[in-house]
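# Descriptive analysis of the structure
Next come the chains, spelled out residue by residue.
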Amino acid sequence: MTSNPNATLESLVIQSLAKCLQRLERVSAGTWQVAGAKVTTGTVGDALGGHNFKNPAVAVYFNLKGISPLTAIMLFDPADMECISKCFTGHSFPHGSATTMAEEVMLTELGNIVMNSLINGLLNALRRQSIPTIPGFAEGGLAELTAELGKTVNVKQEFRIITANLNLKWDAATAKVEAIALVPEELTMELELLQPPAAQ
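Structure report, in brief. (Residues numbered from 1 in each chain as written. Predicted model: local features only at pLDDT ≥ 70, side-chain atom pairs only at ≥ 80, totals over all residues. Heavy atoms only, no water.)

### Quick word on the overall build of the chain
What the chain contains, in helices and strands, is six helices and six strands. Reading the chain from its N terminus to its C terminus gives the helix and strand order α-β-α-β-β-α-α-β-α-β-β-α. Taken against the 2.2 N^0.38 rule, which gives 16 Å for 200 residues, the C-alpha radius of gyration of the chain at 16 Å falls within 12% of a compact globule. Dimensions of the chain along its principal axes, counting C-alpha atoms only, are 50 × 35 × 30 Å. For the chain, the share of sequence-separated contacts (at least 6 apart) that also reach a separation of at least 24 residues comes to 74%. Roughly 9,600 Å² of accessible area belongs to the chain as shown, and the carbon and sulfur atoms make up 52% of that amount. Here the chain contributes 14 positive and 19 negative side-chain charges, whose respective centroids are spaced 6 Å apart. (Helix = DSSP H or I, 4+ residues; strand = E, 2+ residues; numbered from the N terminus. Rg over C-alpha atoms; globule rule 2.2 N^0.38 Å. Contact = heavy atoms within 4.5 Å. Areas by Shrake-Rupley, 256 points an atom, 1.4 Å probe, with all protein chains shown as cover. Lys, Arg positive; Asp, Glu negative; His and termini not counted. Charge placed at Lys NZ, Arg CZ, Asp CG, Glu CD.)

### As for unusual backbone geometry
Even without a glycine there, the phi angle at Arg 127 is positive, about 60°. In this structure, Arg 127 sits in the loop between α4 (101–126) and β4 (136–140). In the Ramachandran plot, Asp 171 falls in the positive-phi region, its phi being about 55° despite a non-glycine side chain. Among the structural elements, Asp 171 can be located in the loop between β5 (159–170) and β6 (173–183).

### Let's talk about the pairing of strand β3 (residues 70–76)
In terms of burial, β3 is a largely internal element, seven of the seven residues being buried. Both faces of β3 are covered, namely the face carrying Leu 70, Ala 72, Met 74 and Phe 76 and the face carrying Thr 71, Ile 73 and Leu 75. Where strand β2 (residues 57–64) meets β3, seven bridges bridge the pair, whose relative direction is antiparallel. Pairing of Val 60 across the sheet is with Met 74, part of β3. Relative to β6, β3 runs antiparallel, the two sharing five bridges. (Buried < 20%, exposed > 50% of the residue type's maximum accessible area, 1.4 Å probe, protein only. Pairing = 2+ DSSP bridges.)

Given below as structure tokens:
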């Protein structure tokens, strides 16, 4: 059996998010599912570039500077706002021409729940703890979001990028959301040493 750090990262993320979404399903109106995860290598721009920017996207994010750094991002398409709001709150937030304060609060809260689950799965595997941080909120195209993330993360640094796709469903409406973790290479190597190798 050969060690596969990417498979280890994928497995950790899928398990953590699946538990999180099961909890959300018990208290919310929608159906939540992890549609899979993939691991690539690249910069912040590469991580955001996997999103379909047909519409300006909403990003909720935080950066744990004391953990080398470890960064989490959630990307939402505002066109999916009504489905997301129904799934999460049970109430419809039909999206207008601009994101409202109520929508920002809702997406920040949802992002905070999911991103903490994503990051805590990695931190538990690393046998570390972190103080919770307040998420940031930004909206725009690829260039605008890269610039916003660049205020807290080195946009030239290469990370192991873990991207998990989440499917939301309420009645006939569906939405796709991306949860992303940027893991510095030294933490990836540490995880590889601490975790049993993933089966091939």
